[in-house]
Amino acid sequence: MINQEHDQTLTPKRQLSRFLCREMLYDFVSNNLDHARRKAVDEFLPTDFETQQELENLREGLGYCSRLGETRISVPLLQEIRDYKSFWVRVKEGHLWRSWPDAVKWGIEALVISVVAAGVAMVIPWKRISHFLPKASNQFVLVEVNKEVKTKPGPGDTEADQTAIADGRSVPPVAPEVPDNTEAVPPPEGKKPTEKVAETKPTAEVKAPAKAPTENATPPAGAETSEVTGDESSAPAAGADRKPMKGYVYRAFMTVEGVDGKTGEITQGLQALGGTKAGQVELGWRKAKGSYFHFSLPESNYEEVVKLLRNFGPVRIYKDPHWRVMPEGKIRFILWVEETKSQP
Amino acid sequence: MTEEARIRLLALFFFFAALDERFAQSAAIKALRKCRQRVKSLGNRDEKWPAVIVDVTNSFFNKLKQSKRLPAAISYEAGWILPEGVDLGPWMEFQKEADLDEFLAVLWSRVLGISDEAISEGLGVSAGTVRHRVGRGLHILGSVKRGDRRR
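Rules and cut-offs
Residues numbered from 1 in each chain as written. Chains lettered and ligands numbered in written order. Predicted model: local features only at pLDDT ≥ 70, side-chain atom pairs only at ≥ 80, totals over all residues. Helix = DSSP H or I, 4+ residues; strand = E, 2+ residues; numbered from the N terminus. Buried ≥ 20, exposed ≤ 12 C-beta atoms within 10 Å, placed from the backbone. Contact = placed C-beta atoms within 7 Å. Pairing = 2+ DSSP bridges. Arc of directions from axis to C-beta. Axes fitted to C-alpha atoms, helices over the stretch in contact; angles between N-to-C directions. Parallel < 35°, antiparallel > 145°, perpendicular 65-115°, else oblique. Nonpolar A, V, L, I, M, F, W, Y, C, P; charged D, E, K, R; others polar.

Caption draft 1: A look at the overall build of chain A. Of regular secondary structure, chain A possesses twelve helices and seven strands. Going through the 344 residues of chain A one by one, you find that 27% of them count as buried. Counting contacts in chain A only where the partners sit at least 6 residues apart, residues at least 24 apart contribute 73% of the total.

Caption draft 2: Main features of the interface of chain B and chain A. With 35 residues of chain B in contact, the opposing surface of chain A contributes 27 residues. Going through the elements one at a time, helix H1 (3-18), helix H2 (21-41), strand S1 (80-81), helix H4 (89-97), helix H5 (100-111) and helix H7 (127-146) of chain B are the ones with two or more residues in the side of chain B that touches chain A. Per element, the largest residue contribution to the side of chain B that touches chain A is ten residues, and it comes from H7 of chain B. Direction of pairing for strand S1 (residues 72-73) of chain A relative to S1 of chain B: antiparallel, over a ladder of two bridges. By the bridge assignment for S1 of chain B, arginine 72 of chain A is matched with isoleucine 81 of chain B.

Caption draft 3: Structural view of the pairing of strand S2 (residues 247-256) of chain A. Residues and elements named next belong to chain A. Burial runs high along S2: eight of the ten residues are buried. Across eight bridges, the pairing between S2 and strand S6 (residues 315-322) is antiparallel. Its bridge partner being in S6, arginine 251 is matched across the sheet by tyrosine 318. For S2 and strand S7 (residues 330-339), the ladder comprises seven bridges, and the chain directions are parallel.

Caption draft 4: Fine view of the pairing of S7 of chain A. Residues and elements named next belong to chain A. Of all ten residues in S7, seven are buried; the element is thus mostly enclosed. In terms of strand pairing, strand S5 (residues 290-298) meets S7 through nine bridges, oriented antiparallel. Each residue of the ladder has a partner; that of glycine 290, found in S7, is glutamate 338.

Caption draft 5: Here's a closer look at helix H12 (residues 302-310) of chain A. All names here are of chain A. Three or more residues of H12 are buried, namely Tyr302, Val305, Val306 and Leu309. Down the axis of H12, the smallest arc covering the buried residues is 100°, so these residues share one side. Contacts from the buried residues of H12 go to S2, helix H11 (259-272), S5, S6 and S7.

Caption draft 6: Representation of the packing of helix H5 (residues 75-82) of chain A against H1 of chain B in the model. Contact geometry for H5 of chain A and H1 of chain B: axes closest at 10 Å, N-to-C directions at 95°. Considering their axes alone, H5 of chain A and H1 of chain B lie roughly perpendicular with respect to each other. Residue-level inspection shows Leu78, Ile81 and Arg82 of chain A of H5 of chain A in contact with H1 of chain B, the latter providing Glu3, Glu4, Ile7 and Ala11 of chain B. Across the contact of H5 of chain A with H1 of chain B, the residue classes tally to four nonpolar, no polar and three charged.

Written out as structure tokens, the structure reads:
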């Protein structure tokens, strides 16, 4: 109080400027000015209309703000803001899962199970654990085809041939078309041939075919084999075919002119050399394209038979392994004589 | 300061700053989470809440201004209960006329009732600066309210 009186006595009284008064108006309104400045503002205000208007604006603004400050927030909104949980929090707590429809839940479960199962199936080392799993046959029969070949068995066909046909196995021809330089088969039991069978091809050498045809072989061009008679029914089963065959059969092929006329001569010649029919048909059985001879004869007459046949034309002879073993000193022949094809 | 008072401050700030209830609600939720983290980092001191609220809401509102997501029209629902007879027209006009610092200073100080010291602490400016901004803002708001806009 003493200081205040001292200031008033020592310093001359200064009037506030409009700028200073404006700057202090907010503090004046909000009661933050000290006594002296408050008194100065109080003294200045009646003298300046613009400052009075600004003071009114301030008071108006304060009143408006105090009204806005009375705005309230509803309790539900307050709780919603307070208790809000983020998406991941709701996922963790399972709120979202419980609120989803059942179809979506089941779909997601199925999807997850499928993905897990696929992942496990890909991760498991199946090759390593396959040894511990029960093995099942890995051969599956997709289609079973039974091919029935309608072939009328000839009277000379062996039972094995007929069985082969019935089984659907193909019967390859015994004697494919052999080149002219084919050699004749050497005589049996170490008897060396003294002359070549095919005189028309003197350069030909004698040797056995590299791969003997099987017992199911048949003469070419419709000729039917008939190697056995009734006792041929004891032909071994298919499994026995694979065993090495000890017997032999000689297969001979000829092409002559005038088969009809020469069939009888050949038959007589063979019979003269001790040849007897071995199949069910007579020697010289006539077929559409030729004559069929299935006979056995003494082994010692082999060369004589070759000479005989050579008189009628070139002859090709093959020695085929056969399951049937002939008696000692006997050999078996299957001869097919065909008409020479006329040149066009 | 109670939890309800904090939520009210945040909700009212974003409501009067953005004038959009949906945005105010979601922004208040995010700001509340941010404030909790900030106060927790400051040692859970209750007296820090006003300054933290000012800081967090200031940064949120600046991001809002940058993203230009301010709504063009007012939108409020039953969750916000304004005093009877209060017109938000002058407030919207004030938002357009005043500088952002003055607008926010008035909002924090005179609408939300946060002390000038807390505002200055939250903004990192002096208390005198805050009072100056509030005085200028109130002058603009009053003139808008009275229909005598003169700066």
